[in-house]
Each structure stands twice: as structure tokens, then as C-alpha cells.
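Report on the structure
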Amino acid sequence: MSTDNTPAKDRDFLLSVVIPVYNEQECLEPLVAELKKTLDSQKWVYEIIFVDDHSTDLSPRILQSLCDQWPQLRGLRLSRNFGHQAALCAGLQEARGDAVITMDADLQHPPSLIPELVRLWRQEGFEIVNTIRAQSGGSGFLDRLGSHWFYRLFNRIADIKLTPGSADFRIMDRKCVDALCSMGEHFKFLRGQIPYIGFKQTYLTFECPPRFAGQRSYTLRQSIKLASNGLLSFSTFGLKVPFLLGLFTMGIVGIYAAVSVVLIASGKVHLMEGWLSLAALICLNIGLQLTFIGMMGLYIGKIFIEVKGRPLYFVEKVYRPKTTTE
Ligand code: UDP
Ligand code: MG
């Protein structure tokens, strides 16, 4: 290998493939077979890093056996289920490649797309090549609706723009991986962090098949949590709403009071009239105040967790090939 200063793209390079795994026992062997076929055919030097997010099925056993068979494979097992984003970050920290690909374990991110990702990185000079799902990959109507409104809301209020349909399947140059790893926030939302760091980026559209086997492990609660983390991490809009609404309410109340004074002074209404609307206004006021105190609470909760500076994950064990002396 050369020792000059030419970028990795122009000489031999090491490619890392990072794959988070949570209860994917049926997918792991077909995935590795397909990955090896694709990567070996290109004659690249590569490593595949699995991050087992504390699976409770046979995934740990299968991962160990795969690591025993293929020297390019290794992995980590996290000490509990920390979630997809934390598992991805653990893999990024672990990867040593000049370029790193992140992809899911359920074959929804086709390994056959990897040569094109690498070509765009290597030959076209893109430092991040993102992917966009051309179709929903078997997700339900409610998921699609939720995702549509999430992207609309996010792009309206956040400081950065997200591309609808983007997937956590991408190739990143080493300097982008280092930039991501240097972002110390506890609540990770990679789809937001990627546009935030900048660099030369492009998008590739792909047909997203349904998952190869097993169930989607993102529950509705986890999806809502991820969406709210994204919104709260990349926008302070929620903190501005009470102020804007407060101004608006004061304006309405001012007009209401002025009209009432004029009507009472002209003798057209008696003082007791309108108590119902007054009661309604008071209730509305209480509701609004509670809502906005709650909204502040969401941000304060995030700050509370961030200031503790806790590690994002803990490693329980490392999957590596068994040596003959073990
Ligand atoms: N995953 C994970 N931890 C979790 C949930 C999911 O590491 O707590 C992994 C999962 O094994 C898969 C990827 O994250 O490789 C995406 O998960 P899933 O397919 O359930 O999500 P979807 O593709 O439906 O968004
Ligand atoms: Mg999936």
C-alpha cells in the first residue's frame, strides 16, 4: 500500500460495512452470503461490523458462527437494547475504513447497490452518498402517512432540511464519519445529523423490498420517540410557539375587552352577559398554559439527559473469530 498523501479513493482503500442487528436470526446468513458475493466480486479490502443490539433470539449464536467462518466479519454486542441509532453510532465508532457503509440487516437495503455507492464515492468524488426509498418497502398506510407529515413538519420548522424517504443506507467518507462521531449529543438522529455536517453529498434512489424475514422491530412508540427526538434536536420552534401564541392571545383579548367596554358603555349589553364565553376563554387559557409548560418540559427533559453526559451505549462482548487455543 502506498505511503503518500493521495486520498484513499485514489489508491487501495478499506471499506467498512456497519450493520445494526436486533433479532434478525433468519436474515443474517442470507445477508452475509449476498454481501460476500458482492464485495468479493469487486476484490476490495473490506470489513463487516455487526452491532448486536442485545438480540434475544438466535442472532448472537449465528453471528459468532459467521465470525468464526469469515475473517472479514466482527461485531459487538451491546449490554442492552439501546435502539437502532445508538447501534449505528457504535458501529461507526468501531469502523476503521476509509469509507463506511451503513445498512440494515433485513435485506431491505440491497447489497447489490454497494458497487454504485462506492463508484459515486470513489470516482465522482461524493463524500456522502445517501439513498432514498423509491417505494415503501412493505410499510403500512399509517406509517406512510405519519412519515409524510413528519417530513413536512420537520422541513417547515427545523434548521436543516430532510429528504423524504431517505434511508439509513449510505456510504460516508472517513472525514464525514469522524465528523459524525465528534457530535456529542445523546439523542442521535442520523438522518438529521447527515445534512447538518455538510460535505459533498448526493442521493441515489432504490427499490426497497419488504424485509426478508421477521418483524419490524421499531414499535409505534419507538418511531414516535425517534421523530420527536429529531424535531426537538434540530428545532427550537416549540420554544417559540408559546411566545407567538401569547402575543396572539393578548391581541385577541385586547380587542375583546375593547369591544366589550364600548358595548357596555353604549348600554347595548349588561355586564353579566357573556359569562359563558368568559368561562370558555379561561379554560382555553389554562389548557394552553399547561400545553406550553409541557412543551418546555420536553426540552428541559432533553437538556437534563444531555448534561449527564452518559455514554450512548455499553459493550457487553466482542464477536471475533475463535482462536484455536480458546
Ligand atoms: N434495529 C436495532 N435495534 C433496534 C431496532 C432495530 O439495531 O432496537 C436494527 C434492525 O435489526 C435492522 C435495522 O435496525 O437492521 C432497522 O430496523 P427495522 O427493519 O425494524 O426498521 P425499518 O426498516 O422498518 O425502519
Ligand atoms: Mg427494515
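Report follows, based on the coordinates. (Residues numbered from 1 in each chain as written. Chains lettered and ligands numbered in written order. Predicted model: local features only at pLDDT ≥ 70, side-chain atom pairs only at ≥ 80, totals over all residues. Heavy atoms only, no water.)

In terms of helices and strands, the protein chain carries ten helices and eight strands. On C-alpha atoms alone, the protein chain measures out to a radius of gyration of 26 Å, which is more than a quarter above the 20 Å that the 2.2 N^0.38 rule sets for 326 residues. By principal-axis analysis of the C-alpha atoms, the protein chain measures approximately 100 × 40 × 40 Å. Sorting the 326 residues of the protein chain into buried and exposed places 41% on the buried side. Within the protein chain, residue pairs in contact and separated by at least 24 positions form 82% of the contacts whose partners lie at least 6 positions apart. Of the roughly 18000 Å² of accessible surface on the protein chain, a fraction of 62% belongs to carbon and sulfur atoms. Computed over 35 positive and 31 negative side-chain charges, the inter-centroid distance for the protein chain is 5 Å. (Helix = DSSP H or I, 4+ residues; strand = E, 2+ residues; numbered from the N terminus. Rg over C-alpha atoms; globule rule 2.2 N^0.38 Å. Buried < 20%, exposed > 50% of the residue type's maximum accessible area, 1.4 Å probe, protein only. Contact = heavy atoms within 4.5 Å. Areas by Shrake-Rupley, 256 points an atom, 1.4 Å probe, with all protein chains shown as cover. Lys, Arg positive; Asp, Glu negative; His and termini not counted. Charge placed at Lys NZ, Arg CZ, Asp CG, Glu CD.)

It is worth spelling out the sheet that holds strand E3 (residues 73–78) at this point. Strand order in this open sheet of eight strands is E7-E5-E6-E4-E1-E2-E3-E8, and the pairing throughout is mixed. Looking along the sheet, the strands with just one partner apiece sit at the ends: strand E7 (201–206) and strand E8 (315–319). On average, each strand axis in the sheet is tilted by 20 degrees relative to the strand beside it, whichever way the strands run. Taken together, the four bridges between strand E5 (residues 128–133) and strand E6 (residues 166–173) define a ladder with antiparallel strand orientation. By the bridge assignment for E6, Ile-128 is matched with Met-172. Packing against the sheet, helix H4 (residues 114–122) makes contact with strand E1 (14–21), strand E4 (99–102), E5, E6 and E7, and its axis sits at approximately 45 degrees to E6. Its contacts with the sheet place helix H7 (residues 190–197) against E5, E6 and E7, and it is angled at close to 40 degrees to E6. (Pairing = 2+ DSSP bridges. Axes fitted to C-alpha atoms, helices over the stretch in contact; angles between N-to-C directions.)

For the pair helix H6 (residues 174–181) and H7, interaxial distance at closest approach is 10 Å and the crossing angle is 115 degrees. When you trace H6 past H7, the crossing you get is right-handed. Of the residues in H7, those in contact with Cys-176, Ala-179 and Leu-180 of H6 are Leu-190, Gln-193, Ile-194 and Ile-197. Taken together, the residues of the contact of H6 with H7 sort by class into six nonpolar, one polar and no charged. (Left-handed = near helix turned anticlockwise from the far one by under 90°. Nonpolar A, V, L, I, M, F, W, Y, C, P; charged D, E, K, R; others polar.)

In the neighbourhood of ligand 1, 18 residues make up the surrounding shell, with Glu-24, Asp-53, Asp-106, Arg-216 and Ser-217 lying closest. Taking Glu-24, its side chain carries an N or O atom lying 2.6 Å from an oxygen atom of ligand 1. With respect to ligand 1, the backbone of His-84 contributes an N or O atom lying 3.5 Å from a nitrogen atom. In the complex, 93% of the free accessible area of ligand 1, which totals 520 Å², lies under the protein chains. Elements that contribute at least two residues to the shell around ligand 1 include exactly E1 and helix H3 (84–94). (Near = heavy atom within 4 Å. Polar contact = N/O pair within 3.5 Å; in protein donor to acceptor, adjacent residues only side chain to side chain.)

Bringing the coordination of the magnesium ion (ligand 2) into the picture now. Protein ligation of the magnesium ion (ligand 2) involves Asp-106 (OD) and Gln-108 (OE1), the donor distances falling in the range 2.0 to 2.1 Å. Judged by relative accessible area, Asp-106 falls into the buried class, the value being 2%. Overall, Gln-108 belongs to the buried group, its relative accessible area being 15%. (Donors = N, O, S within 2.8 Å, 3.2 Å for Na, K, Ca; no water.)

Everything listed is a geometric property; what it means functionally is a separate question.
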